[in-house]
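Analysis of the macromolecular model
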Amino acid sequence: MEFALSPRLAELKQRAASLTGKIMQFEDECEANNGLPPEAHAVIRDEVLAHGLQAINMPADWGGAGLTILEQVVVQDELGKLTNALWDAVWRPANCLSACTPEQRERYLVPDIEGRRRDAVAITEEHAGSDPSGIRTTATRDGDGYVLNGEKWFVTVGDAADFLIVLAYVRPDNEPTMFLVDKDTPGVSVKRTPRYTHTFVYEHPEFLFQDVRVGQDAVLGRIGEGYDLTRDWFTEERLMIAARTIGAAERALRLAVDWAKEREQGGDVLMNRQLIQGMIADSVTEIATNRAFTHQVAWEFDQGGDRKTLHAKAATAKLAASEASNRIVDRCVQIFGGRGYMRDMPVERLWRELRVDRIWEGTSEIQRLVIANEVGKRGLDDLLSFTAGS
Ligand SMILES: Cc1cc2nc3c(=O)[nH]c(=O)nc-3n(C[C@H](O)[C@H](O)[C@H](O)COP(=O)(O)OP(=O)(O)OC[C@H]3O[C@@H](n4cnc5c(N)ncnc54)[C@H](O)[C@@H]3O)c2cc1C
């Protein structure tokens, strides 16, 4: 067993930290203006490319950084330190785009990898959240193409994206299928752009699809394959959420410890108060244990373990890390006192921003269902061991 970062991982971590440092300068501007102007996005894009961290989940042959899952986790852990979700400006095309045909790859994926196009994933609807089988968006055959009708909610990056990956039921057999839809296709419109708890570098608009005509070449993967493509995205994305929330918690804790060492009240620094020490010790414990487990599961992904077991392990990592990180940033706000509640303080922003990590890509309750389902079907052995190594 080897736990030290290899020279390759250490170099990647350092490179991701350097990129994070470059992007961090935009946090205050993003918070003040609820987003960034095109010039700032252009600077960030150039930095991402200069650091070689574009599309880290896509093969080098197609222009991506071609990182393993463990390497991606190391990078995401660093990027997670950014507030205002600026980690999302370091684009990573949806994994399901690997199912593109060669023509779709040239039209959508390669420009997406290069940072010239941007995708957004549109699955959730008003009546279909945790249970995507409740979607009502339909695709009706029409000549050699399809006509889409429906509505999608919470489409992250929907403002900056120029194409959407839309889950719809193909009529008449209700086969769940993904479609690639250019945003400027007639019939696609933004219904509403709600405000959320966090200040995110992008928006999460709601989209309407009214008699949207697309060709046969808009089908991603095969007809009926929509859930499989969705599941693959969830599995890896959950692991990346675990990594990012751990990085975020570390940044908050470092700031809180520095503050606790400096802030004097009642004749002594906060760091010497045992109630504060308890908060710091609990946070160290939760960061260290969650980082170790997330790295373990990422390593198991790279060993090519059983996909269903890995699905449950990614759910375990996401559940544990996102819940722990929410507790940690809450403690850090507390250590800062009133200052911790000010929006120009990174701990305040992280406290607001980490809340959604317990909701999206499957709520904490859904992660528990995934884990318990695996226990019921296949027992505890694989979940409690280093499966890939056995
Ligand atoms: C900021 C933001 C960005 C998002 N980005 C995207 C995106 O880019 N693309 C996209 O498609 N979606 C996106 N989502 C949607 C997100 O994935 C859903 O919000 C999430 O899956 C939960 O669905 P829901 O909101 O409909 O809640 P519901 O499914 O209605 O759940 C409500 C509550 O009930 C619980 N619950 C539901 N089912 C069960 C059950 N079987 N057992 C026990 N408890 C249950 C849930 O855990 C939750 O606590 C985003 C959401 C947010 C908030």
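Thresholds applied
Residues numbered from 1 in each chain as written. Predicted model: local features only at pLDDT ≥ 70, side-chain atom pairs only at ≥ 80, totals over all residues. Heavy atoms only, no water. Patch = residues over 30% accessible without salt bridge, like charges linked within 9 Å, V, L, I, M, F, W, Y side chains within 5 Å. Areas by Shrake-Rupley, 256 points an atom, 1.4 Å probe, with all protein chains shown as cover. Salt bridge = Lys/Arg side-chain N within 4 Å of Asp/Glu carboxyl O. Lys, Arg positive; Asp, Glu negative; His and termini not counted. Charge placed at Lys NZ, Arg CZ, Asp CG, Glu CD. Helix = DSSP H or I, 4+ residues; strand = E, 2+ residues; numbered from the N terminus. UniProt positions renumbered as here; feature names shortened; annotations may be inferred. Core = buried A, V, L, I, M, F, W, Y, C linked by side-chain atoms within 4.5 Å. Buried < 20%, exposed > 50% of the residue type's maximum accessible area, 1.4 Å probe, protein only. Domains from an automatic or database assignment. Phe/Tyr/Trp six-rings, centres within 6.5 Å; stacked < 30°, edge-to-face > 60°. Lys NZ or Arg CZ within 6 Å of the ring centre and 35° of its normal.

**Re a negative patch on the surface**
There is a patch of like negative charges on the surface, built from Glu103, Glu106, Asp144 and Asp217. Take Glu106: it is sitting in helix H5 (residues 102-113).

**With respect to the UniProt feature "domain: Acyl-CoA dehydrogenase/oxidase C-terminal" (unreviewed entry) in the chain**
Look at the UniProt record and you will see "domain: Acyl-CoA dehydrogenase/oxidase C-terminal" (unreviewed entry) annotated at residues 224-374. For residues 224-374, helix accounts for 77% and strand for 3%, while the C-alpha atoms at its two ends are 24 Å apart.

**With respect to the nonpolar core**
If you look at the biggest cluster of nonpolar residues, it comprises 38 residues, and the most contacted ones within it are Leu239, Ile280, Phe301, Cys332 and Ile335. Broken down by secondary-structure element, the contributors of at least two residues to this core are helix H4 (69-79), helix H6 (226-262), helix H7 (274-303), helix H8 (307-336) and helix H9 (346-353). Structurally, this core is a two-domain feature, drawing no fewer than three residues from each of domain 1 (7-93) and domain 3 (227-389). Counting residues in hydrophobic clusters, the runner-up holds 30 residues, among them Val75, Ala85, Ala89 and Trp91.

**Remarks on unusual backbone geometry**
With omega at 5°, the peptide bond leading from Arg171 into Pro172 counts as cis. Counting through the fold element by element, Pro172 comes out in the loop between strand E4 (163-170) and strand E5 (175-182). One non-glycine residue, Asn174, lies in the positive phi region at around 50°.

**With respect to the packing of aromatic side chains**
In this structure the tally under the stated criterion is 10 aromatic pairs. Taking the centre distance of 6.3 Å and the plane angle of 80° together, the rings of Trp87 and Trp360 count as edge-to-face. Taken as a pair, Trp87 in the loop between H4 and H5 and Trp360 in the loop between H9 and helix H10 (364-378) lie far apart in primary sequence, 273 residues in all. Arranged with centres 6.0 Å apart and planes meeting at 70°, the rings of Trp153 and Phe154 form a pair that is edge-to-face. On the basis of relative accessibility, which here comes to 21%, the residue Trp153 falls in the partly exposed class. The structure contains a cluster of three or more aromatic residues connected by ring pairs, namely Trp87, Phe200 and Trp360. Cation over ring: Arg244 sits above Trp87, and NZ or CZ is 3.8 Å from the ring centre.

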